[in-house]
Amino acid sequence: MIRNFFRNFMTGRYGPDHLNIALVVVSLLLYLFSFITGIRLLLYFSYALLALSVFRMLSRNIQRRRRENDRFIRYWWPIKTKFKRFVEKIRSRKTHRFFKCPSCGNTLRVPRGKGKLQITCPKCGERFVKKT
């Protein structure tokens, strides 16, 4: 019964998206930081971000909210992918070495402990020798 009420209530509304999740996370971080430091302004700012997130979720202007989310993703996606690549490098640093292609700058992953290898870049075809 409550689930049907919520489903009917959300019909025609935008709902959650990537920007809303980011607003909630930033709001929680500001709330914790204001709790630790005692700065009231940060607490009010965190409440404002949380209210903005709820407003966006309940909004019926779907096209505008979608444009806002697309703009956010356009800036957020490169940051996210660079962070994921960095984490992947850290996780696999014991089993693989990473080299940059001298020609195109593409990052190549090569298994460790294979001695000197001739590495061929799959992007530009450049061949170079490195010790793994």
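Residues numbered from 1 in each chain as written. Predicted model: local features only at pLDDT ≥ 70, side-chain atom pairs only at ≥ 80, totals over all residues. Heavy atoms only, no water.

A.B. asks: Could you clarify how one ought to interpret the overall build of the protein in this entry?
C.D. replies: Tallying secondary structure elements over the protein gives four helices and four strands in all. The C-alpha radius of gyration of the protein comes to 23 Å, more than 25% above the 14 Å expected for a compact globule of 132 residues. With the principal axes as the frame, the protein shows a C-alpha extent of 65 × 40 × 30 Å. A total of about 10,500 Å² of accessible surface is found on the protein, and carbon and sulfur atoms cover 62% of it. Averaging the positions of the 30 positive and the 5 negative side-chain charges in the protein gives two centres separated by 6 Å. (Helix = DSSP H or I, 4+ residues; strand = E, 2+ residues; numbered from the N terminus. Rg over C-alpha atoms; globule rule 2.2 N^0.38 Å. Areas by Shrake-Rupley, 256 points an atom, 1.4 Å probe, with all protein chains shown as cover. Lys, Arg positive; Asp, Glu negative; His and termini not counted. Charge placed at Lys NZ, Arg CZ, Asp CG, Glu CD.)

A.B. asks: Looking at this structure, how should I read the pairing of strand S1 (residues 96–100)?
C.D. replies: For a regular strand, the rule is simple: side chains alternate between the two faces of the sheet. In this sheet, strand S2 (residues 107–111) lies alongside S1 in antiparallel orientation, the contact comprising five bridges. Looking at the pairing, Phe99 lines up with Leu108 of S2. Count of turn residues in the S1/S2 antiparallel hairpin: six residues, of which Gly105 carries a positive phi of about 85°. (Pairing = 2+ DSSP bridges.)

A.B. asks: For this particular structure, what's the right way to read the side chain of Ser27?
C.D. replies: Mapped onto the elements of the fold, Ser27 is located in helix H2 (residues 18–37). With sequence-adjacent residues up to four places away left out, Ser27 is seen in contact with Ser46, Leu49 and Leu50. (Contact = heavy atoms within 4.5 Å.)

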